[in-house]
Amino acid sequence: MSVVTNTTTIGAIEAPSRRNTELALLAFAVAIPVFAYLNVGLALDGEVPSGMLGYGLGLALLATVAHLVVRKWAPYADPLLLPLATLLNGMGLVLIWRLDQSPRLIDLAKRSYGAFSPSAPNQMMYSAIGIAMFVGVLLLLKDHRVLQRYTYISMVVALFLLLLPLVPGLGTDVFGAKIWIRIGGFSIQPGEFAKLVLAVFFSGYLMVKRDALALASRRFMGLYLPRGRDLGPILTIWAVSLLILVFENDLGTSLLFFGMFVIMLYVATERTSWIVMGLLMAVAGAVAVGSTASHVQSRVAAWLDPFECLKTAPESSNMAYACDQMTQVLMSFGSGGILGTGLGQGNSDLIQFAANSDFIFATVGEELGLTGVMVFLLLYGLIIERGIRTSLAARDPFGKLLAMGLSGAFALQVFVVAGGVMGLIPLTGMTMPFLAYGGSSVIANWALIGILIRISDTARRPAPSPAPNPDAEMTQVVRP
Amino acid sequence: MSELTLTVMRLGFLAVLWLFVIVAVQVIRSDLFGTRVTQRGSRRQEARTQQGGRQAAPPPQRGQQQPPSGGGRSRRGAPTKLVVSEGTLTGTTVALQGQTITLGRAHDSTIVLDDDYASSRHARIYPDRDGQWIVEDLGSTNGTYLDRTRLTTATPIPLGAPIRIGKTVIELRK
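Residues numbered from 1 in each chain as written. Chains lettered and ligands numbered in written order. Predicted model: local features only at pLDDT ≥ 70, side-chain atom pairs only at ≥ 80, totals over all residues. Heavy atoms only, no water.

1. Digging into the overall build of chain A
Then comes step 1: Along the backbone of chain A there are 18 helices and 6 strands.
Then comes step 2: Counting the 480 residues in chain A, one finds 54% classified as buried.
Then comes step 3: Residue pairs in contact within chain A that sit at least 24 positions apart in sequence constitute 74% of those at least 6 positions apart.
Then comes step 4: Element-wise, carbon and sulfur atoms account for 67% of the exposed surface of chain A, whose accessible area totals about 20400 Å². (Helix = DSSP H or I, 4+ residues; strand = E, 2+ residues; numbered from the N terminus. Buried < 20%, exposed > 50% of the residue type's maximum accessible area, 1.4 Å probe, protein only. Contact = heavy atoms within 4.5 Å. Areas by Shrake-Rupley, 256 points an atom, 1.4 Å probe, with all protein chains shown as cover.)

2. Let's talk about the confidence of the model for chain B
Residue and element names in this part refer to chain B.
Then comes step 1: Within chain B, residue pLDDT values average 75, and 72% of them lie at 70 or more.
Then comes step 2: Averaged pLDDT values for the elements of chain B fall to 38 in helix H3 (residues 59-65) and rise to 90 in strand E11 (residues 163-165).
Then comes step 3: Per-residue pLDDT stays below 50 along residues 41-74; that stretch engages in 28 contacts with residues further than four places along the chain or on separate chains.
Then comes step 4: At the level of chain-chain contacts, confidence expressed as ipTM amounts to 0.87, with global pTM at 0.75. (pLDDT = per-residue confidence, 0-100.)

3. Some thoughts on the pairing of strand E6 (residues 123-127) of chain B
Residue and element names in this part refer to chain B.
Then comes step 1: Where strand E4 (residues 101-104) and E6 come together, 3 bridges link them in antiparallel fashion. Looking across to E6, one finds that Ile-101 is bridged to Ile-125.
Then comes step 2: Relative to strand E7 (residues 133-137), E6 runs antiparallel, the two being bridged by 5 bridges. Its bridge partner being in E7, Ala-123 is matched across the sheet by Asp-137.
Then comes step 3: In this structure, the hairpin formed by E6 and E7 is closed by a connection of 5 residues, where Gly-131 is found at a positive phi of approximately 90°. (Pairing = 2+ DSSP bridges.)

4. Topic: the confidence of the model for chain A
Then comes step 1: In this model, chain A carries a mean pLDDT of 84, and residues with pLDDT of at least 70 account for 88%.
Then comes step 2: The lowest-confidence element of chain A is helix H18 (residues 471-474) of chain A, averaging 54 in pLDDT; the highest-confidence one is helix H15 (residues 369-393) of chain A, averaging 94.

5. Quick look at the environment of B:Ile125
Residue and element names in this part refer to chain B.
Then comes step 1: Here Ile-125 is to be found in strand E6.
Then comes step 2: Under the relative-accessibility criterion, Ile-125 is labelled buried at 0%.
Then comes step 3: Between the C-alpha atoms of Ile-125 and Val-135, which are 10 residues apart in sequence, the distance is 4.4 Å.

6. A short note on the packing of aromatic side chains
Residues and elements named next belong to chain A.
Then comes step 1: In total, this model carries 13 aromatic pairs over all chains according to the counting rule given.
Then comes step 2: Ring centres of Phe-201 and Tyr-205 lie 5.9 Å apart, and the angle between their planes is 35°; on these two criteria the pair is classed as tilted. Of the two residues, Phe-201 and Tyr-205 are both situated in helix H7 (residues 190-215); the distance of 4 residues between them amounts to about one turn of the helix.
Then comes step 3: In this structure Phe-201 comes out as buried when scored by relative accessible area, which is 8%.
Then comes step 4: Three or more aromatic residues joined by ring pairs make a cluster, and in this case those are Phe-134, Tyr-380, Phe-410, Phe-434 and Trp-446.
Then comes step 5: Here the guanidinium or amino end of Lys-72 rests over the ring plane of Trp-73, the centre of that ring lying 5.1 Å away. (Phe/Tyr/Trp six-rings, centres within 6.5 Å; stacked < 30°, edge-to-face > 60°. Lys NZ or Arg CZ within 6 Å of the ring centre and 35° of its normal.)

7. Concerning the packing of helix H9 (residues 251-269) of chain A against helix H10 (residues 272-290) of chain A
Residues and elements named next belong to chain A.
Then comes step 1: Contact geometry of H9 with H10 gives a least axis separation of 8 Å together with a crossing angle of 165°. As far as their axial angle goes, H10 and H9 are roughly antiparallel. Every pair of crossing elements has a handedness; the one defined by H9 and H10 is right-handed. Mapping the contact onto sequence places Phe-258, Val-262, Leu-265, Tyr-266 and Thr-269 in H9 and Thr-272, Trp-274, Ile-275, Gly-278, Met-281 and Ala-282 in H10.
Then comes step 2: Looking at the contact of H9 with H10, its residues break down into 8 nonpolar, 3 polar and no charged. (Axes fitted to C-alpha atoms, helices over the stretch in contact; angles between N-to-C directions. Parallel < 35°, antiparallel > 145°, perpendicular 65-115°, else oblique. Left-handed = near helix turned anticlockwise from the far one by under 90°. Nonpolar A, V, L, I, M, F, W, Y, C, P; charged D, E, K, R; others polar.)

8. Focus on the state of the cysteines
Residue and element names in this part refer to chain A.
Then comes step 1: What the rule picks out here adds up to 1 disulfide over all chains.
Then comes step 2: Between the sulfur atoms of Cys-309 and its disulfide mate Cys-323 the distance is 1.6 Å. Judged by the torsion about the S-S bond (70°), the Cys-309/Cys-323 disulfide is right-handed. Of the two residues, Cys-309 is situated in helix H12 (residues 306-312) and Cys-323 in helix H13 (residues 318-336); the sequence distance between them amounts to 14 residues. Comparing Cys-309 with Cys-323, the two get one shared label, buried. (Disulfide = S-S within 2.5 Å.)

9. A look at the nonpolar core
Then comes step 1: A:Phe134, A:Phe361, A:Met432, A:Leu435 and A:Ile453 are the most contacted members of the largest nonpolar core, which totals 131 residues.
Then comes step 2: Leave out the neighbours within four places in its chain, and A:Phe134 touches A:Ala66, A:Val70, A:Leu82, A:Trp446, A:Ile449, A:Gly450 and A:Ile453.
Then comes step 3: Counting residues in hydrophobic clusters, the runner-up holds 22 residues, among them B:Ala118, B:Ala123, B:Ile125 and B:Leu146. (Core = buried A, V, L, I, M, F, W, Y, C linked by side-chain atoms within 4.5 Å.)

10. Points about the packing of H9(A) against helix H16 (residues 397-422) of chain A
Residues and elements named next belong to chain A.
Then comes step 1: It is the contact of H9 with H16, at a shortest axis distance of 9 Å, that shows an interaxial angle of 140°. The handedness of the crossing between H9 and H16 is right-handed. Contacts from Gly-252, Leu-255, Leu-256, Gly-259, Met-260, Ile-263, Met-264, Val-267 and Ala-268 of H9 reach H16 at Leu-401, Met-404, Gly-405, Gly-408, Ala-409, Leu-412, Gln-413 and Val-416.
Then comes step 2: Its residues assigned to classes, the contact of H9 with H16 comprises 12 nonpolar, 5 polar and no charged.

This is the structure we're talking about:
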């Protein structure tokens, strides 16, 4: 009688490499911006725009290079991250090009700087550098666990990058926020890169210390309160982020770093109390600084009631300026309605300054309407979801924390910018990842996607088949 | 450009954007629900056929051909499969077709337990004349537990009751 009958095992599917899925989605993601170019050109001039072929081919070339590198050096990576980022980057290029065509913005540039230079070619160049960075990450970083060795070096580098804008002569003050440095004609936002380095430090640090932070605690009112001496790290990060807020006048950056630390602390220790404490500390810090710094005050006034503030603020003051911007942004979103005015047919260029960087989401809101805004938020949401999924699938704790920290930082950045532009929270000068004009942001976010792809390749790679057992052929089971 | 063309393009563009999101979500779907079912028994059967000799009729087919009408096995509420719900073999199922199922670390067991706490011939599960499934401990070192009680004699298995052998938990299900 045979012993074994219908025996089945239900296991997780061995993830196929899904590179062809990625290629198909990538072709789709390149086709959409080309369609958008056509749309803008037809709406503005009534003819097919001359630059369409150039931008389309450029984007396709960058996407192809990125895809081939992933196919060769990260064959099991997540199939969605690259197409999603490419689509956002391509749509950003279209929107920036569309704002370049606006007579109002050309006028403004001529009045302020004496000459107008289009931003789209620069953004195309930044995208190319971004893809180069992405390729560089995949080529040089064969295993993300290598980063673990540089835990404390990353801390030093991150602090250095964060403090760089405060160095006199190097940092530049752009409308109140000191988050830029200027080196030979190029403006760099070191905070964007500090985000990546800090995620490495947090994951390396928390991986080692998480047991102490999670287990040594007392229970009080349903919350686990950590011991006083374990509060050290969170208090230090809090103090650093408050210093950024005070000296660099930038709520976004400080919220991003503190929020990222709290998210990673929560993920590492599974203690809700850290979230509660983090929120309380963030609110306390923001209120304390908000009631003293004038730059933050004007942003808060513009957030609470921009129309009232526009009437009461003194003429051509910083506050009037902030409120004017905010009213334009809100009108822009409002006139978009559900379906939007159509690409190239809105008036979001009335926002004038920073229309194509900090406020680019207002152009989405006006020209594509609520329907389009939802798509963009979903695209960001999908990138974040894939990042968290990568974190779940990763087998090593460092990779888990790193993927979680990077996607958490990405999510916070999207929240801070989109929330600020829509009037949910006070506006801060950060850039919408991939969409907004700005070299540092595009390059740093491509590097972020590169690291996520590297981790997801390691996580989804099927386990190597076990070595053949030398005994198997020598011995046989003899059944009666 | 006529108003109509622009309107069509505007709505078409939004539709294309949403289409991309839907396609992307479809790609994710396969990640969420992807499971693979391996027929372990039939694979082993093939391996044995290749070795030559002993070409008994493949039991899986026999099981499918026999309508579950004969004997007491077709009683309503009778279990039809045995499921490993915990341990290294989690997810493994064995169809119950009136045969004796042996459990243990020995290689010729029906379910080969890869468990440090299991004996080589640990327990067996078999139907009695009424079709009631019985579990019997075969003198194992660490014992077989039905629910929380250690087995001393052959005991009928209620549907869904956990049988615990070391770190492995087995249940009978319909």
